[in-house]
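# Analysis of the macromolecular model
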Amino acid sequence: MQEIVKDTVFLDVGSLVSKKIAVKPNLKLNFHVGYDLSEEVKIAPDSITVSGPKCCCQN
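In what follows, the accompanying structure is described. In this text, all values refer to a predicted model and were calculated from it rather than measured experimentally. (Residues numbered from 1 in each chain as written. Predicted model: local features only at pLDDT ≥ 70, side-chain atom pairs only at ≥ 80, totals over all residues. Heavy atoms only, no water.)

This part covers the overall build of the protein. When its secondary structure is counted, the protein shows 0 helices and 2 strands. A compact globule built from 59 residues would reach a C-alpha radius of gyration of about 10 Å, whereas the protein, at 24 Å, exceeds it by more than 25%. The contacts of the protein with a sequence gap of at least 6 include a subset with a gap of at least 24, amounting to 78%. When the accessible surface of the protein is totalled, it reaches about 6400 Å², and 53% of it is carbon and sulfur. One way to put it: in the protein the 7 positive side-chain charges average out to a point 7 Å from where the 7 negative ones average out. (Helix = DSSP H or I, 4+ residues; strand = E, 2+ residues; numbered from the N terminus. Rg over C-alpha atoms; globule rule 2.2 N^0.38 Å. Contact = heavy atoms within 4.5 Å. Areas by Shrake-Rupley, 256 points an atom, 1.4 Å probe, with all protein chains shown as cover. Lys, Arg positive; Asp, Glu negative; His and termini not counted. Charge placed at Lys NZ, Arg CZ, Asp CG, Glu CD.)

Next up on the list: the environment of G14. With respect to the helices and strands, the residue G14 is situated in the segment before strand 1 (16–22). Residue G14 is classed as exposed on the basis of its relative accessible area of 51%. Between the alpha carbons of G14 and N30 there is a distance of 46 Å; along the sequence they are 16 residues apart. (Buried < 20%, exposed > 50% of the residue type's maximum accessible area, 1.4 Å probe, protein only.)

Of note, G34 is situated in the loop between strand 1 and strand 2 (47–53). Residues G34 and I48, spaced 14 residues apart in sequence, show a C-alpha to C-alpha distance of 36 Å.

On the surface, I21, V23, L27, L29, F31, Y35, L37, V41, I43 and I48 cluster together into a nonpolar patch covering about 870 Å² of accessible area. With respect to the helices and strands, the residue V23 is situated in the loop between strand 1 and strand 2. (Patch = residues over 30% accessible without salt bridge, like charges linked within 9 Å, V, L, I, M, F, W, Y side chains within 5 Å. Salt bridge = Lys/Arg side-chain N within 4 Å of Asp/Glu carboxyl O.)

A separate point is the side chain of S47. Mapped onto the elements, S47 comes out in strand 2. A polar contact of 3.5 Å, which involves the side chain of S47, links it to the side chain of D46. In contact with S47, other than residues within four places in its own chain, are K20, I21, A22 and V23. (Polar contact = N/O pair within 3.5 Å; in protein donor to acceptor, adjacent residues only side chain to side chain.)

One side chain can pair with another of opposite charge once the charged atoms of both are near each other. Applying the stated criterion across every chain yields a total of 1 salt bridge. K42 is the partner of E39 in a salt bridge, and the nearest nitrogen-oxygen pair spans 3.9 Å. As far as the burial class goes, E39 and K42 line up, both exposed.

Below you can see the structure in the form of structure tokens.
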């Protein structure tokens, strides 16, 4: 029986990149008659930063 020993593993994981993305709410609000918003809906935070391989963070 032959034994193969390797002390190194090579992985091609690509380049790590970060991208800032705006948070856009998808709201469909319905109110009873006589009720409405008193002010515009505010989303916090307005953006997030995601990181990952370059191929997954494009567009």
